[in-house]
Amino acid sequence: MTNKRAPRRIFPKVSTMPRQATEATHYLDMYKLTIEKRRLEQELEYIDERRQRLCDRLAEINQETEGLDAQATNLRQPAPKPGTAKPQGVNFAPNANVYLPERNSRQAPEDYSTLMLDY
């Protein structure tokens, strides 16, 4: 049985020798900086667009919140006095009665039968 090792990551070769100070190296550095500048400008544009979308969504959320708050305030109005007509379709009072079972005695009944199960 052969043991296979996972392949190692190949690191780029780094030269310890400084580059020659030529016109080409200056143009290469200018090219690299220009490419990085373009990338950063595009990233800033993306961030600005994303920020605008987030601000728009926050404005929508604020409008919806204010609308729901207004609706809740309308529903919170005091109930009309007895004898006055209720608006149709608006009845938020509970309409079911819950009755707890009545118990005659608080003690346990004497007619319990016990069943034992063995497994």
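Use the structure listed above.
The paragraphs below set out a description of the structure included in this document. (Residues numbered from 1 in each chain as written. Predicted model: local features only at pLDDT ≥ 70, side-chain atom pairs only at ≥ 80, totals over all residues. Heavy atoms only, no water.)

**Notes on the overall build of the protein chain**
Here's step 1: On a plain count of helices and strands, the protein chain comes out with one helix and zero strands.
Here's step 2: The buried share among the 119 residues of the protein chain stands at 1%.
Here's step 3: As presented, the protein chain carries roughly 13600 Å² of accessible surface, and 55% of it is formed by carbon and sulfur atoms. (Helix = DSSP H or I, 4+ residues; strand = E, 2+ residues; numbered from the N terminus. Buried < 20%, exposed > 50% of the residue type's maximum accessible area, 1.4 Å probe, protein only. Areas by Shrake-Rupley, 256 points an atom, 1.4 Å probe, with all protein chains shown as cover.)

**Let's talk about a nonpolar patch on the surface**
Here's step 1: Together, L28, Y31 and I35 line one region of the surface with nonpolar side chains, adding up to about 280 Å² of accessible area.
Here's step 2: Relative to the helices and strands, I35 resides in helix α1 (residues 23-75).
Here's step 3: For I35, a relative accessible area of 35% puts it in the partly exposed group. (Patch = residues over 30% accessible without salt bridge, like charges linked within 9 Å, V, L, I, M, F, W, Y side chains within 5 Å. Salt bridge = Lys/Arg side-chain N within 4 Å of Asp/Glu carboxyl O.)

**Concerning a negative patch on the surface**
Here's step 1: Together, E41, E45, D48 and E49 make up a negatively charged patch on the protein surface.
Here's step 2: Along the chain, the position of E45 falls in helix α1. (Lys, Arg positive; Asp, Glu negative; His and termini not counted. Charge placed at Lys NZ, Arg CZ, Asp CG, Glu CD.)

**A closer look at the pattern of salt bridges**
A side chain of one charge can pair with a side chain of the opposite charge when the charged atoms of the two come close.
Here's step 1: Within this structure, the stated rule accounts for two salt bridges.
Here's step 2: Note that E60 is salt-bridged to R57, the shortest N-O span being 3.2 Å. Of this pair, E60 and R57 both sit in helix α1, three residues apart, which is roughly one turn of the helix.
Here's step 3: Residue class for R57 comes out partly exposed when judged on its relative accessible area of 42%.

**With respect to the side chain of T25**
Here's step 1: Here T25 lies in helix α1.
Here's step 2: A relative accessible area of 15% places T25 in the buried class.
Here's step 3: If sequence neighbours within four positions are ignored, T25 has contacts with R19 and Q20. (Contact = heavy atoms within 4.5 Å.)

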